[in-house]
Amino acid sequence: MEPEPAMEDAPPGGEATLIGGARRRLTELGLEGLGQRVRVVWNRRMRSTAGRALWPEALIELNPALQEIGLGEVERTLLHELAHLVAFERAGRRRISPHGKEWQRACAELGIPGETASHRLELPSRTLRRKWAYLCPHCLERVERVRRMHRHSACWPCCRAYAGGRYDERFKFVEERIS
Ligand SMILES: [Zn+2]
Ligand SMILES: [Zn+2]
């Protein structure tokens, strides 16, 4: 009897494969400790966000819709998020801007120089014309608005989780203009 083909063995977009790739790249950058901790999961609740990175948790979450665009988009988003972990790991307790020069340098080292600072899922069908984007410097969740937000606006999930539901400067949104 023929053995069953091992279809489930490390599928190209499987979490184990993604974690393995992330670990290998972190080791290449001399970040073995982060490589041991890193996890990559598909988050089925993500809608317009392509991916996000949580540090120090070393957790990368990816939107499963990326797989419909193609493996190239999965890889690029993974590297974008990995660059966040690299930049935060190197900075340690020093505060850095999410898409600042430390992140840009990590992108270049990971082979995606000039990477865009957007976390938006670039589905061809998306035609929203929103002008403003807001990034939480803690959880990196990105929200988009047609109208500009009040300048003292912060990430609600983070304020709720870490500041008793009150406005907290640490979670103040970083504003970006979408061109
Ligand atoms: Zn980013
Ligand atoms: Zn947040």
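Each remark here, short or long, concerns the structure printed above.
Quick caveat, the model's predicted, so the values are computed rather than measured.

Hey, could you go over the coordination of the zinc ion (ligand 2) for me, with residue numbers and the actual values?
Distances from the zinc ion (ligand 2) to its protein donors, C136 (SG), C139 (SG), C155 (SG) and C158 (SG), fall within 2.3 to 2.4 Å. Here the zinc ion (ligand 2) is ringed by four donor atoms whose angles at the metal span 105 to 114 degrees, and the overall shape comes out tetrahedral. On the primary sequence, the residues serving as donors to the zinc ion (ligand 2) are separated as C-x2-C-x15-C-x2-C. C158 matches C155 in its accessibility class, with the two residues each being buried.

Describe the coordination of the zinc ion (ligand 1), and please don't skip the residues or the numbers.
Coordination of the zinc ion (ligand 1) by the protein is provided by H80 (NE2), H84 (NE2), H99 (NE2) and H119 (NE2), with metal-donor distances spanning 1.9 to 2.0 Å. Between the four donor atoms coordinating the zinc ion (ligand 1), the angles at the centre fall across 100 to 116 degrees, so the site counts as tetrahedral. For the zinc ion (ligand 1), the donor residues sit on a single chain with the sequence spacing H-x3-H-x14-H-x19-H. Here H80, found in helix α4 (residues 71-91), pairs with H119, found in the loop between α5 (101-109) and β4 (132-135); they are 39 residues apart in sequence, far enough to count as distant. H80 sits in the buried class, given a relative accessible area of 2%. The exposure class of H119 is buried, given its relative accessible area of 1%.

Calculation rules
- Residues numbered from 1 in each chain as written.
- Chains lettered and ligands numbered in written order.
- Predicted model: local features only at pLDDT ≥ 70, side-chain atom pairs only at ≥ 80, totals over all residues.
- Heavy atoms only, no water.
- Donors = N, O, S within 2.8 Å, 3.2 Å for Na, K, Ca; no water.
- Tetrahedral: all angles 85-135°; square planar, octahedral: opposite > 155°, others 65-115°.
- Buried < 20%, exposed > 50% of the residue type's maximum accessible area, 1.4 Å probe, protein only.
- Helix = DSSP H or I, 4+ residues; strand = E, 2+ residues; numbered from the N terminus.

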